[in-house]
Number of protein chains: 2
Amino acid sequence: MNLTDLSRRPAGWLKEESPFRDVVVSSRIRLARNLAGRSFLSRCSERQVREIAEILRRVLLGGVLKDGAFYVDIASTDPLDRQLLVERHLISRQHAESDGPRGVAVAADETVAVMVNEEDHLRMQVLTGDLELEACYSEICRLDEMLERHLTFAFSSRFGYLTACPTNAGTALRVSVMLHLPALKITGEIEKVLRSARDMHLAVRGLYGEGTEAIGDMFQISNQTTLGKSEEQIIGEFRDQIVPGIIEYERRARQALMENRRTAVEDRVCRAFAVLRSARLMSSEETMYLLSQLRLGLNLKIVEGVSVRMLNELSLLTQPAHLQKFYGREMAPSQRGKARANLIREKLGGPQKRPSRRRKL
Amino acid sequence: MNLTDLSRRPAGWLKEESPFRDVVVSSRIRLARNLAGRSFLSRCSERQVREIAEILRRVLLGGVLKDGAFYVDIASTDPLDRQLLVERHLISRQHAESDGPRGVAVAADETVAVMVNEEDHLRMQVLTGDLELEACYSEICRLDEMLERHLTFAFSSRFGYLTACPTNAGTALRVSVMLHLPALKITGEIEKVLRSARDMHLAVRGLYGEGTEAIGDMFQISNQTTLGKSEEQIIGEFRDQIVPGIIEYERRARQALMENRRTAVEDRVCRAFAVLRSARLMSSEETMYLLSQLRLGLNLKIVEGVSVRMLNELSLLTQPAHLQKFYGREMAPSQRGKARANLIREKLGGPQKRPSRRRKL
């Protein structure tokens, strides 16, 4: 797989229709595994790290992942392509920026990605553009079992799966749901919701995981407890209580906004759409902010003529690495601002004609 | 003249074409006069103030002003209509807000306005949408002479015309030119220009005269010295040195912006136009800011499809009193924000369709 081809298409897991499309952007289940009989990475020599990478690469591409899957050797990949993988949520920032032999195996439709030698020997994830947590879990169990036919994982009957960081031990399972919560942000109720989430031992993060800001009103909610509960319990709580609860809050906040502050909401949305279709310079942060307003407007039927598919595509294509891949050249931030604005105008059908070069001062 | 009719048309003195249209919005010449043998207003009893108002009203409407002129008795005019006259630059804020018998006589095309019992017994002004200072001066001299056929003004051979405030004595002449200086504002050079202006004993004020902010990048430059120079000298300096100097600075700043920061300027202009055509709520301040960007864009040929006439009309119609007169009802600021945005969208041909009321949460 050529990463340039990847950069020009939306991720295969993005969904246009789902019962929760108005709030849920994506769900992810992740399992951490380490090979039995081998040290955790921080204790390995470079040769040992390389051996682990080689073993896992061979197994992953030897029929575990479906046809069309590809493996990226991160160490030999240039920084722009690494950043591209981060923007597509296929690897973590840490994986992009660290050192040593490491990689990622990716299914053709990007629903499955397995990081090799990130913090653990293996970090596998299944992604979906919906709240289909059981489907994700079935898929990741299938993957886990396939791998176990070839590999033995470090497991303790007392602690469960062993991981480099003890906070992941046990199930080594992380469930994460990315939610778009613009109305809770506008009304200020988001703080209350996030506080409750933290009280329930949930982690709340931004668009790109740990340590990132919640730009574009995107909040990633994940479990922090991996020990003492079964996989089914963790997933059940997410599916039946946590996520439906937050969805309900957000929907009520939207309804209240439309009833009490309709014109102000219309104003935000219409301004955002107009600026996206007209600006000549646009930062990545402003893009995410404006796309968030537009997404809200689309869900509230305030605007027409733009699809969720287009919003998802723009959210991705306007990220720095995607933008540079799209235009086929490296660009300084100021050049990106111009290219980004042009791309958005083109995609959203804003005025295309270059302003006249004539001038009379 | 019904003030409601007045509120629906642009001022007669606004010009669409002139050699300085890109920078000069309007010019004004003002003369202060007081009746000989009568006290300055601060020393008058209410009866005396009323007598002065009566005498001047009779003279002004007795053939001194052309057919179609009208007189507004400010004391018996409601606050909204007073504010309307301020927004049209026909009376000062002080005149609108003070007490006692007072008025204003206005020529049908609004090029001439004579305030009665403002700070002085008479304050006459001639306005033009150009830099035609000589034409203004001829017109105001004609008016002054017409008045002197019926009235005797307080005059000292040593000090010239006597005025309530000594800073106006002598010629009692004030020349003011309203300049649109957005490029100097963007580049920050405006501070240097304003400092030089102050060094030359010029006053720099905002859109509505003394004590007002320079909103919408509009700067009013006036002489402060009225004594020790002849009328012709004061006007000559404005026409030949001061105003051409500032125009030249502004034009150079615009040229430099287009050469060095073209995309950033296009971005400002295109965003401003888009927001004006799309917003659902808009304050008066934001309107003036955005119209300023649009005016710059029009002069730099960055945007098309909007005329200077329309910008002038919008600058006036979106002011609080004009807006309320336009819609025929009093409105709270929040209601005005919505009405203003609707009016601007209508005038600039933005999307008119009301957003659908359907919604599915």
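Residues numbered from 1 in each chain as written. Chains lettered and ligands numbered in written order. Predicted model: local features only at pLDDT ≥ 70, side-chain atom pairs only at ≥ 80, totals over all residues. Heavy atoms only, no water.

**What to know about the overall build of chain A**
If you tally the helices and strands in chain A, you get 13 helices and ten strands. By its C-alpha atoms, chain A is 75 × 45 × 30 Å across when sized along the principal axes. Taking all 361 residues of chain A together, the buried fraction comes to 58%. The average position of the 55 basic charges and that of the 47 acidic charges among the side chains of chain A differ by 7 Å. (Helix = DSSP H or I, 4+ residues; strand = E, 2+ residues; numbered from the N terminus. Buried < 20%, exposed > 50% of the residue type's maximum accessible area, 1.4 Å probe, protein only. Lys, Arg positive; Asp, Glu negative; His and termini not counted. Charge placed at Lys NZ, Arg CZ, Asp CG, Glu CD.)

**Quick word on the domain arrangement of chain A**
Residues and elements named next belong to chain A. Split by domain assignment, chain A resolves into domain 1 (3–256) and domain 2 (262–348). One C-alpha centre belongs to domain 1, the other to domain 2, and the line joining them spans 26 Å. The interface is formed by 29 residues belonging to domain 1 together with 22 residues belonging to domain 2. Here domain 1 meets domain 2 over a buried area of about 2,400 Å², counting both sides, of which 63% is carbon and sulfur. The tally of links from domain 1 across to domain 2 stands at one salt bridge. Among the ionic pairs, Asp81 bridges to Lys325, the shortest N-O distance being 2.6 Å. Counting across the interface, domain 1 meets domain 2 through nine residue pairs in polar contact (both at pLDDT 80 or more). Broken down by secondary-structure element, the contributors of at least two residues to the side of domain 1 that touches domain 2 are helix H1 (3–7), helix H3 (79–87) and helix H6 (182–187). At five residues, H3 tops the list of elements feeding residues into the side of domain 1 that touches domain 2. (Domains from an automatic or database assignment. Contact = heavy atoms within 4.5 Å. Buried area = accessible area lost by both parts, 1.4 Å probe. Salt bridge = Lys/Arg side-chain N within 4 Å of Asp/Glu carboxyl O. Polar contact = N/O pair within 3.5 Å; in protein donor to acceptor, adjacent residues only side chain to side chain.)

**Some remarks on the pairing of strand E4 (residues 112–116) of chain B**
Residue and element names in this part refer to chain B. Counting buried residues along E4, five of its five residues qualify, which places the element largely inside the surrounding structure. Because side chains alternate across E4, one face comprises the buried residues Val112, Val114 and Val116, and the other comprises Ala113 and Met115, equally buried. With four bridges joining them, strand E3 (residues 103–106) and E4 adopt antiparallel strand pairing. Bridged to Gly103 within E4 is Val116. Connecting E3 to the antiparallel partner E4 that follows it, the hairpin turn spans five residues, and Glu110 within it adopts a positive phi of roughly 65°. The pairing of E4 with strand E5 (residues 122–128) spans five bridges and is classified as antiparallel. Looking at E5, one finds that Val112 is bridged to Val126. (Pairing = 2+ DSSP bridges.)

**Quick word on the packing of aromatic side chains**
Considering all chains together, one arrives at four aromatic pairs over all chains under this definition. With 4.9 Å between their ring centres and 75° between their planes, Phe155 of chain A and Tyr161 of chain A make a pair best called edge-to-face. Sitting above the plane of the Tyr161 of chain A ring, Arg33 of chain A keeps its charged end 3.5 Å from the centroid. Residue placement shows Arg277 of chain B over the ring face of Phe273 of chain B; its charged tip is 5.0 Å from the ring centre. (Phe/Tyr/Trp six-rings, centres within 6.5 Å; stacked < 30°, edge-to-face > 60°. Lys NZ or Arg CZ within 6 Å of the ring centre and 35° of its normal.)

**Some details on the side chain of Thr287 of chain A**
Residues and elements named next belong to chain A. Relative to the helices and strands, Thr287 is located in helix H10 (residues 284–299). The exposure class of Thr287 is buried, given its relative accessible area of 1%. Every residue in contact with Thr287, bar those within four places of it in the chain, is listed here: Met282, Thr318, Arg340 and Ile344.

**Details of the sheet that holds strand E9 (residues 202–205) of chain A**
Residues and elements named next belong to chain A. Spatially, eight strands are ordered E2-E3-E4-E5-E1-E8-E10-E9 in an open sheet, and the strand pairing comes out antiparallel. Only two strands of the sheet have a single neighbouring strand rather than two, namely strand E2 (70–73) and E9. Between one strand axis and the next, the sheet turns through 20° on average, direction left out of account. Sheet strands touched by helix H7 (residues 190–199): E9 and strand E10 (218–223). Its angle to E9, the strand with the most contacts, is close to 140°. (Axes fitted to C-alpha atoms, helices over the stretch in contact; angles between N-to-C directions.)

**So, the pattern of salt bridges**
The tally for this structure, following the rule as stated, stands at 42 salt bridges over all chains. We note a salt bridge from Arg239 of chain B to Glu134 of chain B, for which the minimum N-O separation is 2.4 Å. Here the residue Arg239 of chain B occupies a position in helix H8 (residues 231–260), and Glu134 of chain B occupies one in helix H5 (residues 133–148), the gap between them amounting to 105 residues. The network of salt bridges with shared partners includes Glu118, Glu119, Asp120 and Arg123 of chain A.

**As for the sheet that holds strand E2 (residues 70–73) of chain B**
Residues and elements named next belong to chain B. Spatial strand order, E2-E3-E4-E5-E1-E8-E10-E9: eight strands in an open sheet with antiparallel pairing. Strands at the two margins of the open sheet, each flanked by one partner only, are E2 and strand E9 (202–205). Here the average twist between neighbouring strands, direction ignored, is 20°. Sheet topology places strand E1 (residues 24–33) next to E5; seven bridges connect them, and they run antiparallel. Looking at E5, one finds that Arg33 is bridged to Leu122.

**Some points on the packing of H5 of chain B against H8 of chain B**
All names here are of chain B. One way to put it is that H5 packs onto H8 with a least axis distance of 10 Å and a crossing angle of 155°. In terms of orientation, H5 lies roughly antiparallel with respect to H8. Crossing geometry of H5 relative to H8 is assigned as right-handed. Two secondary-structure elements touch here, H5 through Leu133, Glu134 and Tyr137 and H8 through Glu231, Glu232, Ile235, Phe238 and Arg239. The residue inventory of the contact of H5 with H8, partitioned by class, reads four nonpolar, no polar and four charged. (Parallel < 35°, antiparallel > 145°, perpendicular 65-115°, else oblique. Left-handed = near helix turned anticlockwise from the far one by under 90°. Nonpolar A, V, L, I, M, F, W, Y, C, P; charged D, E, K, R; others polar.)

**Considerations on H10 of chain A**
All names here are of chain A. In this model, H10 (16 residues) spans 22 Å end to end at C-alpha, consistent with the 22 Å of a helix rising 1.5 Å per residue. For H10, a buried count of 13 out of 16 residues is recorded, marking the element as mostly surrounded by other parts of the structure. Positive phi shows up at Lys301, right after H10, with a value of about 60°. (Expected span 1.5 Å × (residues − 1).)

**Here we look at the packing of H10 of chain A against helix H11 (residues 308–317) of chain A**
Residues and elements named next belong to chain A. Interhelical geometry of H10 versus H11 gives an angle of 170° and a closest axis separation of 11 Å. With respect to H11, the axis of H10 lies roughly antiparallel. Where H10 approaches H11, its residues Met288, Leu291, Leu294, Arg295 and Leu298 are matched on the opposing element by Val308, Leu311, Asn312, Leu314 and Ser315. Its residues assigned to classes, the contact of H10 with H11 shows seven nonpolar, two polar and one charged.

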